[in-house]
Amino acid sequence: MSKPDELLVHVAALVESEQSNQMSLTVVTGGAVITGRLAPEAVWRQRVSEVLTDSDRLSEFATVFDAPVKEDRQPTHLHFHVARILQGTVGIPETGGMYRVAIEDVNAWTVGDFSYSDH
């Protein structure tokens, strides 16, 4: 088990404390590049729950994400929304997705998100 980057933990803690979803971040984890905006865990869980609730086949899983978030602990995960996995010249999915990444699994990171342009 690697030791999480203290600076990245601090960034995640600020996102959690401010309840902001405007911090853009790009990380490398497991060979994948994920880029997008961070959300507080509670906001991220709520959004995933809403998406699952609206699904005919997956609605029973929505309650898993409704569990309260323990607020008195250091963040262990980054919660991305409007995020893409960069693959070649495209981001998957194009519209952005919801990703949860363990901070200890992040190999590299930078502030900001990447997007592609054909220009």
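Conventions adopted
Counting of residues starts from 1 at the beginning of each chain's written sequence and follows it residue by residue. Where local features are concerned, this predicted model is filtered to residues with pLDDT of at least 70; where side-chain atom pairs are given and counted, the filter is 80 or more; whole-chain, interface and lining totals use all residues. As a rule here, side-chain values come from all non-hydrogen atoms in the structure, and water together with hydrogens is ignored. A pair of aromatic rings is counted whenever rings of Phe, Tyr or Trp (Trp by its six-membered ring) have centres within 6.5 Å, and the orientation is called stacked for planes under 30 degrees apart, edge-to-face for over 60 and tilted otherwise. Numbering goes from the N terminus for both helices and strands, where a helix is a DSSP run of H or I of at least four residues and a strand is a run of E of at least two. Type-normalised accessible area, obtained with a 1.4 Å probe on protein chains alone, sets the label of each residue: buried when under 20%, exposed when over 50%, and partly exposed for intermediate values. Contacts are assigned to residue pairs that have any heavy atoms within 4.5 Å of one another. Residues belong to a common nonpolar core when they are buried Ala, Val, Leu, Ile, Met, Phe, Trp, Tyr or Cys residues joined through side-chain atoms within 4.5 Å. One less than the residue count of a helix, multiplied by 1.5 Å, gives the span that helix is expected to have. As used here, the arc belongs to the directions running from the helix axis to the C-beta atoms. Two N or O atoms count as a polar contact when they lie within 3.5 Å, although within protein this holds only if one can serve as hydrogen donor and the other as acceptor, and sequence-adjacent residues are included solely when both atoms are side-chain atoms.

### Structural notes on the packing of aromatic side chains
1) Next: Here the structure, examined in full by the defined rule, presents 1 aromatic pair.
2) Next: A centroid spacing of 6.2 Å and a plane angle of 65 degrees characterise the contact between tryptophan 44 and phenylalanine 65, whose relative ring orientation is edge-to-face. Taken together, the positions of tryptophan 44 in helix α2 (residues 41-53) and phenylalanine 65 in the loop between α2 and β3 (77-87) put the pair 21 residues apart, joining distant regions of the chain.
3) Next: What makes phenylalanine 65 partly exposed here is its relative accessible area of 25%.

### Focus: the environment of glycine 112
1) Next: Mapped onto the fold, glycine 112 is located in the segment after β5 (106-111).
2) Next: Accessibility expressed as a relative area gives 23% for glycine 112, which makes it partly exposed.
3) Next: Spatially, the C-alpha atom of glycine 112 lies 9.8 Å from that of valine 27, the residues being 85 residues apart in sequence.
4) Next: When residues no more than four places from it in sequence are discounted, the contact partners of glycine 112 are Ser24, Leu25, Thr26 and Thr35.

### As for the nonpolar core
Burial of nonpolar side chains together is a common tendency in soluble globular proteins.
1) Next: Counting 16 residues, the largest nonpolar core has Leu25, Val27, Ile34, Leu38, Leu78 and Phe80 as the members making the most contacts within it.
2) Next: Of all the secondary-structure elements, those providing two or more residues to this core are α1 (6-18), β1 (24-29), β2 (32-38), β3 and β4 (90-102).
3) Next: Here this core takes 5 residues from α1, the largest share from any one element.
4) Next: With residues near it in sequence (within four places) discarded, valine 27 still touches Ala32, Val33, Ile34, Leu78, Phe80, Val106, Ala108 and Trp109.
5) Next: Formed by 5 residues, the second largest nonpolar core is a distinct cluster that contains Trp44, Val48, Leu52 and Ala62.

### Considerations on α1
1) Next: Along its 13 residues, α1 runs 18 Å from first to last C-alpha, staying within 8% of the 18 Å computed at 1.5 Å per residue.
2) Next: Where α1 is concerned, the buried positions are Leu8, Val9, Val11, Ala12 and Val15. Taken around the axis of α1, the buried residues stretch over an arc of 160 degrees, which confines them to a single face. Residues of α1 that are exposed and point more than 90 degrees away from the buried face comprise Glu6, Leu7 and Glu18.
3) Next: N-capping of α1 is provided by aspartate 5, with a side-chain oxygen placed 2.8 Å from the backbone N of leucine 7.

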